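# Coordinates in review
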Amino acid sequence: MTRSITTLGANITRARLRRGLKQVDLAKKTGLALGTLKRIEAGSPTTAISAYFVVLWALGLEREFANLASPDRDEEGKTLEAARQPKRASSSRSLDADF
């Protein structure tokens, strides 16, 4: 987990630098304290996830949110769900002709 958060912080730093923004400018844009932004870029695991999200939004990277924990990308979950499905369809005892 720590490695993932550190990588996210480094990615945020790189995105900020690519946009030519100083830390103070991004902090003002997001409404976060400069110290909070520095902790985000350092990959602090104790910084609120909402702070990470607001920085990603300010950098125009919010489209990445849709892929976080996406059920479509959860291969392990899909495998477990499929294993719980019945192997055959059960037959009903009688058919109702009432439409």
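Attention here is on the structure that accompanies the text. (Residues numbered from 1 in each chain as written. Predicted model: local features only at pLDDT ≥ 70, side-chain atom pairs only at ≥ 80, totals over all residues. Heavy atoms only, no water.)

### A closer look at the layout of surface pockets
To be explicit about the condition: Using protein atoms alone on a 1 Å grid, points that fit a 1.4 Å probe yet trap it form a cavity, whereas open point sets bounded by protein on both sides within 12 Å along at least five of seven lines form a pocket; residues with an atom within 4 Å of a point count as lining. Grid points are joined across faces, edges and corners, and a volume is the space filled by probe spheres set on the points. The helix and strand labels rest on DSSP assignments: H or I over at least four residues marks a helix, E over at least two residues marks a strand, and numbering proceeds from the N terminus. Amino acids outside the nonpolar list (Ala, Val, Leu, Ile, Met, Phe, Trp, Tyr, Cys, Pro) and the charged list (Asp, Glu, Lys, Arg) are all regarded as polar, and Gly is one of them.
By volume, the largest pocket is sized at about 340 Å³. Considering the residues around the largest pocket, the lining is formed by 14 residues, among which Leu8, Tyr52, Phe53, Leu56 and Leu68 are closest to the centre. Only helix 1 (2-18) and helix 4 (49-58) provide two or more residues apiece to the lining of the largest pocket. Each residue belonging to the lining of the largest pocket can be placed in one class, and the counts come to 10 nonpolar, 3 polar and 1 charged.

### Some thoughts on the pattern of salt bridges
The test is simple: We define a salt bridge as a contact between a side-chain nitrogen of Lys or Arg and a carboxyl oxygen of Asp or Glu at a distance within 4 Å.
With the rule as written, the count across this model stands at 2 salt bridges. Salt-bridge contacts for Arg16 lead to Glu41; the nearest nitrogen and oxygen are separated by 2.6 Å. On the criterion of sequence distance, the pair formed by Arg16 in helix 1 and Glu41 in helix 3 (residues 34-42) is long-range, its members being 25 residues apart. Where Lys78 meets Glu75, a salt bridge forms, and the shortest distance between an N and an O atom there is 3.2 Å. Placement of the pair is Lys78 and Glu75 together in helix 5 (residues 75-84), with a separation of 3 residues, close to one helical turn.

### Some thoughts on the side chain of Arg16
As a reminder of what qualifies: Exposure categories follow from relative accessible area, calculated using a 1.4 Å probe and restricted to protein chains: below 20% of the type maximum is buried, above 50% is exposed, and the middle band is partly exposed. What makes two residues a contact is simply this: any of their non-hydrogen atoms within 4.5 Å.
When its relative accessible area of 7% is taken as the criterion, Arg16 is described as buried. Beyond its immediate stretch of four places on either side in the chain, Arg16 contacts Leu21, Lys22, Gln23, Leu26, Glu41 and Leu59.

### Considering the environment of Leu26
Tracing the backbone shows Leu26 in helix 2 (residues 23-30). Sequence separation between Leu26 and Arg16 is 10 residues; the distance between their C-alpha atoms is 7.7 Å. Beyond its immediate chain neighbours, meaning those up to four positions away, Leu26 contacts Arg16, Leu21, Leu37, Val55, Ala58 and Leu59.

### Side note on the packing of helix 3 against helix 4
The condition that has to hold: Note on method: axes are straight lines fitted to C-alpha atoms, helices fitted across the in-contact stretch only, with angles between N-to-C directions ranging 0 to 180 degrees. Under this scheme an angle from 65 to 115 degrees is roughly perpendicular, one under 35 degrees roughly parallel, and one over 145 degrees roughly antiparallel; angles in between are oblique.
It is the contact of helix 3 with helix 4, at a shortest axis distance of 10 Å, that shows an interaxial angle of 90°. As summarised for this structure, helix 3 and helix 4 are arranged roughly perpendicular, according to the angle between their axes. Seen from helix 3, the contacting residues are Thr36, Leu37, Arg39 and Ile40; seen from helix 4, they are Ala51, Tyr52 and Val55.

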